[in-house]
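One-letter residues, chain by chain:
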Amino acid sequence: MDIKFYAVGGTIDKVYFDRMSEYQVGESMLVDILRQANVTLDYECESLIHKDSLDMTDADRHMLFETIESDRNRRIVVTHGTDTMIETAKKLQGIENKTVVLTGAMQPAKFKSSDAEFNLGFAVAAVQTLPSGVYIAMNGRIFDPDKVCKRREHNRFEDA
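Residues numbered from 1 in each chain as written. Predicted model: local features only at pLDDT ≥ 70, side-chain atom pairs only at ≥ 80, totals over all residues. Heavy atoms only, no water.

Participant: Got a minute to help me understand the packing of aromatic side chains in this structure?
Facilitator: Within a pair of aromatic rings, the relevant descriptors are the distance that separates the centres and the angle that separates the planes. Across all of its chains, the model carries two aromatic pairs by this definition. When the centroid spacing of 5.8 Å and the interplanar angle of 90 degrees are considered together, the rings of Phe 5 and Tyr 43 count as edge-to-face. With Phe 5 in strand 1 (residues 3-9) and Tyr 43 in strand 4 (residues 43-51), this pair connects stretches of sequence that are 38 residues apart. Measuring from centroid to centroid gives 6.2 Å for Phe 118 and Phe 122, while their planes differ by 5 degrees, and the two rings are stacked. Of this pair, Phe 118 and Phe 122 are both found in helix 4 (residues 116-129), four residues apart, which corresponds to roughly one turn of the helix. (Phe/Tyr/Trp six-rings, centres within 6.5 Å; stacked < 30°, edge-to-face > 60°. Helix = DSSP H or I, 4+ residues; strand = E, 2+ residues; numbered from the N terminus.)

Participant: Where do I start with unusual backbone geometry in this structure?
Facilitator: Glycine aside, negative phi is the norm for most residues, and most peptide bonds take the trans geometry. Positive phi outside glycine occurs at Asn 97, with the angle close to 60 degrees. Relative to the helices and strands, Asn 97 resides in the loop between helix 3 (85-92) and strand 6 (99-103). Here Asn 97 falls in the exposed class, since its relative accessible area comes to 55%. A positive phi angle, close to 55 degrees, is found at Asn 139, a residue other than glycine. For Asn 139, the position within the fold is in the loop between strand 7 (133-138) and strand 8 (141-143). (Buried < 20%, exposed > 50% of the residue type's maximum accessible area, 1.4 Å probe, protein only.)

Participant: Can you help me understand the pairing of strand 10 (residues 156-159) in this one?
Facilitator: Looking along a regular strand, one sees the side chains alternate between the two faces of the sheet. Looking at chain direction, strand 9 (residues 148-151) and strand 10 are connected through four bridges and run antiparallel. Each bridged residue has a counterpart across the sheet, and for Arg 151 the counterpart in strand 10 is Arg 156. (Pairing = 2+ DSSP bridges.)

Participant: When you look at the nonpolar core in this model, what are you seeing that I'm missing?
Facilitator: Generally speaking, nonpolar side chains in soluble globular proteins are found buried as a group. Grouped together as the largest cluster of nonpolar side chains are 23 residues, with contacts concentrated most on Ile 68, Val 78, Leu 92, Val 100, Leu 102, Ile 136 and Phe 157. Here the element with the most residues in this core is helix 3; it accounts for four residues. Val 100 has contacts with Ile 68, Ile 76, Val 78, Leu 92, Gly 133, Val 134 and Tyr 135, leaving out every residue within four places of it along the chain. One finds Leu 30, Ile 33, Ala 105 and Tyr 135 within the second-largest nonpolar core, a separate group that totals 18 residues. (Core = buried A, V, L, I, M, F, W, Y, C linked by side-chain atoms within 4.5 Å. Contact = heavy atoms within 4.5 Å.)

Participant: Help me out: how do you make sense of the environment of Arg 152 in this one?
Facilitator: Its place among the elements puts Arg 152 in the loop between strand 9 and strand 10. Separated by 70 residues in sequence, Arg 152 and Thr 82 place their C-alpha atoms 9.9 Å apart.

Participant: Whenever I open this one, the pattern of salt bridges confuses me. Can you help?
Facilitator: Oppositely charged side chains may form a pair once their charged atoms are brought near each other. Tallying each qualifying case throughout the model produces nine salt bridges. The partner of Arg 156 in a salt bridge is Glu 158, with the nearest N and O atoms 2.6 Å apart. Relative accessible area serves as the criterion here: at 35%, Arg 156 is assigned to the partly exposed category. (Salt bridge = Lys/Arg side-chain N within 4 Å of Asp/Glu carboxyl O.)

These values are about where atoms sit, not about what they do.
In structure tokens form, the structure reads like this:
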């Protein structure tokens with residue numbers, strides 16, 4: 001297999017139900033996005049957690065660490081909510097001999113104007129070309145988890 005994908009929720013998988021912005025983290029959009037893009041890599045998708053990243057716990061992050069560490073694949077992409085993506089990336093830094101790329105979206109994948117497809121495609125390219133390590137792929141850039149911050153007022157990730 002070329003790439004293993006893990007979905008852990010976040011805005012990328014949110015589904016809004018009304019004008020009051022009531023939402024739920026729905027089923028992962030990974031498979032749909034990859035199929036629509038006609039991706040020909042050998043890949044597998046697994047949905048682990050259906051949570052807003054603000055609701056993720058240390059236990060969730062530990063479970064994700066253990067799952068990735070024990071996975072036989074060396075290339076891993078994680079779709080994750082943007083609010084705590086940096087925190088999770090830092091927790092995953094102890095994983096050795098794998099390339100792990102976290103990505104997400106500022107708008108749900110179901111939205112026409114979402115950045116989800118771009119960010120996921122960028123993460124797919126990144127995981128195939130970067131050396132072992134843990135990275136964040138957002139807004140067309142690769143970030144070191146120790147040197148990045150989310151700028152809510154600009155709706156993007158930037159160098160810290």
